[in-house]
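Coordinate inspection notes
The chain contents come next:
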Amino acid sequence: MSMNRNNSSRLFSIAQKVMPGGVNSPVRAFNAVGGDPLFIKSAKGSRITDVDGNEFIDYVGSWGPLIFGHAHPQIVSAITQQAQLGTSYGASTEVEIQLAEKVVQAVPSVEVVRMVNSGTEAVMSALRLARGITGRDKIVKFEGCYHGHGDSLLVKAGSGLASLGIPECPGIVSSLAEKTLNLPYNNVDQVRELFEKEGKEIAALIVEPIGGNMGVVPPKPGFLAALRDVTQNAGALLIFDEVITGFRVSLGGAQKLFGVNPDITCLGKIIGGGLPVGAYGGSREVMDHISPVGSVYQAGTLSGNPLAMAAGNEMLDLLSQEGIYETLEQKSAKLCEGLKKNVDALGIQAQFTRVGSMFSMFFTDQEIVDFETVKSCDTDLFGRYFNGLLEEGVYVAPSQFEAGFMSVVHSDEEISLTLEASRKALTAARGQLVE
Ligand code: KE4
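Residues numbered from 1 in each chain as written. Predicted model: local features only at pLDDT ≥ 70, side-chain atom pairs only at ≥ 80, totals over all residues. Heavy atoms only, no water.

Some thoughts on the overall build of the protein
Along the backbone of the protein there are 15 helices and 14 strands. Scaling as 2.2 N^0.38, a compact globule of 435 residues should have a C-alpha radius of gyration of about 22 Å, and the protein matches this with 21 Å. Out of the 435 residues in the protein, the part that is buried amounts to 57%. Put simply, of all contacts in the protein between residues at least 6 apart along the chain, 72% involve residues at least 24 apart. Total accessible area on the protein stands at roughly 18100 Å², and carbon and sulfur atoms take up 51% of it. If the 35 positive side-chain charges of the protein are averaged to one point and the 48 negative ones to another, these points end up 2 Å apart. (Helix = DSSP H or I, 4+ residues; strand = E, 2+ residues; numbered from the N terminus. Rg over C-alpha atoms; globule rule 2.2 N^0.38 Å. Buried < 20%, exposed > 50% of the residue type's maximum accessible area, 1.4 Å probe, protein only. Contact = heavy atoms within 4.5 Å. Areas by Shrake-Rupley, 256 points an atom, 1.4 Å probe, with all protein chains shown as cover. Lys, Arg positive; Asp, Glu negative; His and termini not counted. Charge placed at Lys NZ, Arg CZ, Asp CG, Glu CD.)

This is the structure we're talking about:
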């Protein structure tokens, strides 16, 4: 008997009257998996509850920020206490210094950091900074990587564009789009070839050091080091978009994990503790080009917002505790090894990728190395699997082209429940396959 989703459907029809597609972000609309989207009423720890009272074990975690689960008492208390002192002053505060110090301390390449309000804003600002420093126009990105919805980046991007099959977004000035050069992820030869030809015109290369927006696509050994080498030689800046990986795969992010330091790092998600935050940082030499020290302008009414800073400070204190990343590794390994046993037992073709507590299962027999191989996935099977999981009380990202996230607060029992739910959902989804 399928679960009751009447209130979600009722709210969705109302929402569609007043919001585009009834949502404030496209991927939430469930277009890639079918059915009306769930409307969430509350969440606690590893669980979310929808407006029909259905409860789910959650592996989306608000798309990455909630590494300590929903409504963590210490984060809620930090926000509540700060709110009683006021929500925003549009002036400097001590809490923003405290978060900046934590970021500078943790992230190897960052000496100076500017807070903004989203990952998109962080990336937009980083690109402007790189173009301002170098006086060059071109940027290089990788197909399937998503860096927010800034105009220069919505060219062959991942995440919602991939889920909705939008290769090129209308509304972007063609003279700007032409300055964005796309390459296949993990392909060092094509990077070297492009920089041989056009390196002198390239302001920056931006990369998700671990692809997270075409599903999880890890960097091949040597890929990131090669990007560092090529950009250095060409006088271009290397930008790591660590909006997902920052504080996710280690306290120092992917740059710490892989030992490659970019010129600019973009952050978001986790450092906001569930509130709207983005940040970009680098060496003092790079960051002093930013206004008011330098002439590259960037500003924001709510940048460094005290509530978000308070939440971020609490989150980074929690993450700095001994053994947190080992715990995330154990929980994630247990889940992904169990999922692999399920597909093997059912004879379903699937590939698994994982770096720490970000992971994906791809319904394809091709080794996952870039966007092309990801596109070979059976997204219909994924849609049936997604909906089967919902029926079994498990909520994963409503798209094959998104990452799964483990939190510190998912219990071993919940991971076992998830594995049983996945076995049932796979069996049902495959059954339809056989038909
Ligand atoms: P926001 O502007 O959404 O805060 O961040 C943009 C962004 C930048 N860089 C990376 C690597 C990102 O993953 C994101 C945003 N991630 C998506 C999910 N993959 C946000 C979810 C959504 O668009 O609704």
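Right, picking up where we left off after that structure.
Looking at the pairing of strand 1 (residues 40-44)
Relative to strand 2 (residues 47-50), strand 1 runs antiparallel, the two sharing 4 bridges. Looking at the pairing, Ser-42 lines up with Thr-49 of strand 2. Joining the antiparallel neighbours strand 1 and strand 2 is a turn of 2 residues, in which Gly-45 adopts a positive phi near 60 degrees. (Pairing = 2+ DSSP bridges.)

Here's the deal with the site of the ligand
Lining the immediate surroundings of the ligand are 17 residues, of which Ser-25, Thr-120, Asn-213, Asp-241 and Glu-402 lie closest. Take Gly-119: an N or O atom from its main chain is 3.0 Å from an oxygen atom of the ligand. One nitrogen or oxygen atom from the side chain of Thr-120 is found 2.6 Å from an oxygen atom belonging to the ligand. Contact with the protein chains hides 86% of the accessible area of the ligand, taken as 540 Å² for the molecule alone. (Near = heavy atom within 4 Å. Polar contact = N/O pair within 3.5 Å; in protein donor to acceptor, adjacent residues only side chain to side chain.)

Quick look at the packing of aromatic side chains
Scanning the entire structure with this criterion turns up 10 aromatic pairs. Where Phe-12 meets Phe-39, the ring centres are 6.4 Å apart and the plane angle is 55 degrees; that geometry is what we call tilted. Within this pair, whereas Phe-12 is found in helix 1 (residues 6-18), its partner Phe-39 is found in the loop between helix 1 and strand 1, the two being separated by 27 residues in sequence. According to the relative accessible area criterion, Phe-12 is buried, its value standing at 9%. For the pair Tyr-185 and Phe-223, a centre-to-centre distance of 5.1 Å together with 55 degrees between the ring planes defines the contact as tilted. Here Tyr-185, found in the loop between strand 6 (180-183) and helix 7 (188-198), pairs with Phe-223, found in helix 8 (residues 223-234); they are 38 residues apart in sequence, far enough to count as distant. Note on accessibility: Tyr-185 and Phe-223 belong to one class, buried. Through successive ring pairs, a cluster of aromatic residues spans Phe-30, Phe-56, Phe-386 and Tyr-395. (Phe/Tyr/Trp six-rings, centres within 6.5 Å; stacked < 30°, edge-to-face > 60°.)

Considering the packing of helix 3 (residues 94-106) against helix 11 (residues 306-319)
Helix-helix packing is described using two parameters, namely the angle between the two axes and the distance between the axes. Here helix 3 crosses helix 11 at 35 degrees, and the two axes come no closer than 9 Å. In this structure, helix 3 meets helix 11 at a crossing whose hand is left-handed. Along its contact with helix 3, which presents Val-95, Glu-96, Gln-98, Leu-99, Lys-102 and Val-103, the element helix 11 presents Pro-306, Met-309, Gly-312, Asn-313, Leu-316 and Asp-317. Grouping the amino acids of the contact of helix 3 with helix 11 by side-chain chemistry returns 6 nonpolar, 3 polar and 3 charged. (Axes fitted to C-alpha atoms, helices over the stretch in contact; angles between N-to-C directions. Left-handed = near helix turned anticlockwise from the far one by under 90°. Nonpolar A, V, L, I, M, F, W, Y, C, P; charged D, E, K, R; others polar.)

Thoughts on the state of the cysteines
Each disulfide is one covalent bond, formed between the sulfur atoms of two cysteines. All told, the structure shown has 0 disulfides when counted by the stated rule. Lacking any disulfide linkage, Cys-145 is separated from the closest cysteine sulfur, that of Cys-266, by 13 Å. Note on Cys-336: no disulfide assigned, nearest cysteine sulfur contributed by Cys-377 at a separation of 15 Å. (Disulfide = S-S within 2.5 Å.)

Observations concerning helix 1
What sets the pattern is the α-helix's 3.6 residues per turn: residues three or four places apart point alike. Taking 1.5 Å of rise per residue, the 13 residues of helix 1 would be expected to cover 18 Å, and the 19 Å separating its terminal C-alpha atoms lies within 8% of that figure. Buried residues of helix 1: Ser-8, Phe-12 and Ala-15, and no others. Buried residues of helix 1, seen end-on, are gathered within an arc of 65 degrees and therefore sit on one face of the element. Looking at helix 1, the residues exposed on the side facing more than 90 degrees away from the buried face are Asn-6 and Lys-17. Buried residues along helix 1 sit in contact with strand 2. (Expected span 1.5 Å × (residues − 1). Arc of directions from axis to C-beta.)

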